[in-house]
Amino acid sequence: MKTMIVREYNTVMLPDSYLLDLNTHQIKGCCGCWTCWWKTPGRCIHHDLDCFYHHYITAEKVTFYLTVSQGFISANLKTLFDRMIPLFLPYTNYGSGESMHDPRYERYPDIEIYYQDTFFNTAEKQIFEDYLQRTFYQFHSKTIHLTGETPGVRS
Amino acid sequence: MKTLMLNGSPRADHGNTQLFIDHFQSGLTTPLPVRYLLRENPTTLALAMKEYDTILLVMPLYIHAMPGLVMKLFEELKPQSSHHQKIGFIVQAGFIESATARYLENYLSALAHRLNYTYLGTVIKGDAAACSILPHFFFGRLFKQLKALGVAYEKTGSFDPLLVKKLGNLVYLSKFQVRLLESRLVSRLNQVGWNWILKRNGCFENRYDRPFL
């Protein structure tokens, strides 16, 4: 099975798996130009993620190891998500009852997320989990699993 | 009352977010200072924010949340010792229904609480993607509402709940609206704008490209 790992913690690595280490890789920010939709369809003006795009879209499963930052995902991971719009079309469909961008590719990977559960309270944890579930649902992944590790002390 | 407006768009003063700020400011007798996250060091900006009573952060919705550069600023913010500082947000989104920003709204409310800011609320406006592309007369009503929001803010130091509700409509799509939007005719009409730009840029035939297979 072709897999990929995106990590902010842990040193886990699988043979034949592509690794994006967000501790050492600062993602260039999306500049909101929409070039990836209306000038070079499917391609971003930045090329730092070209390898990531290929491995993401051809992987059967992508595993994330995420830290929590200010009660949410880190800025670097958020930047990665912002830069994932070239993987989708600008056209919108409403079949699910909500607006969603059409897929550009035939299939998208299953998603497995482990995160360091350092939340102050359960409400913050819920916001974090809801957001990640929604994001990968919008990214057309069919299976999304989230697991909190090392629960912190919270009210 | 000393207020700072922040523009959280990666397009700085060239996009829809700036239009939102301009029309909000048109309702004020004294313009508020505006700083652009794109041009600032987040650590320095976080320190500068302490000089103000109120922060109004205006931003686009990116993947159901804030753009990465806004999160960079959030990571630099430290909890206040008291509730004396206030923070409010204005979010402009591309999808029609404002519910797509509910994940962000929940987080912003929690963030204000986490940082000990008094939370003024989040104004969400959907269907705003084309503000800076189409002629402005298409958005006359929106711009009037933003101006009124500015007028009310100057008077009360808060967002007018009625205007927040008006700007937030439509929250969810009704079944009828979904059926209409999914109909072949409306679906094709929705693609007209994108296709026009793709043709103008000479890449219409490549619109379904899959370059990373």
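Residues numbered from 1 in each chain as written. Chains lettered and ligands numbered in written order. Predicted model: local features only at pLDDT ≥ 70, side-chain atom pairs only at ≥ 80, totals over all residues.

S.K.: Which residues make up the pairing of strand S6 (residues 110–116) of chain A, and what are the values?
M.R.: For a regular strand, the rule is simple: side chains alternate between the two faces of the sheet. Residue and element names in this part refer to chain A. The alternating pattern of S6 places Ile111, Ile113 and Tyr115 on a buried face, while none of Asp110, Glu112, Tyr114 and Gln116, on the opposite face, is buried. Summarising the sheet, strand S3 (residues 61–66) and S6 pair through 6 bridges and their orientation is parallel. Bridge pairing links Phe64 to Ile113 in S6. Taken together, the 6 bridges between S6 and strand S7 (residues 144–149) define a ladder with parallel strand orientation. If you follow Ile111 over to S7, its bridge partner there is Ile144. (Buried ≥ 20, exposed ≤ 12 C-beta atoms within 10 Å, placed from the backbone. Helix = DSSP H or I, 4+ residues; strand = E, 2+ residues; numbered from the N terminus. Pairing = 2+ DSSP bridges.)

S.K.: Any chance you could break down the interface of chain A and chain B for me, citing the residues and the numbers?
M.R.: By a widespread convention, an interface's size corresponds to the accessible area lost as its parts come together. Listed per partner, the contact involves 42 residues of chain A and 43 residues of chain B. The set of elements that each furnish at least two residues to the side of chain A that touches chain B consists of helix H2 (50–58), helix H3 (75–82), strand S4 (88–93) and helix H4 (122–138) of chain A. Per element, the largest residue contribution to the side of chain A that touches chain B is 8 residues, and it comes from H4 of chain A. Counted by class, the side of chain A that touches chain B contains 17 nonpolar, 16 polar and 9 charged residues. (Contact = placed C-beta atoms within 7 Å. Nonpolar A, V, L, I, M, F, W, Y, C, P; charged D, E, K, R; others polar.)

S.K.: Pulling in residues and values, what's your account of the domain arrangement of chain B?
M.R.: With domains assigned, chain B is organised as domain 1 (3–168) and domain 2 (175–206). Computed from C-alpha coordinates alone, the two centres of domain 1 of chain B and domain 2 of chain B are separated by 30 Å. (Domains from an automatic or database assignment.)

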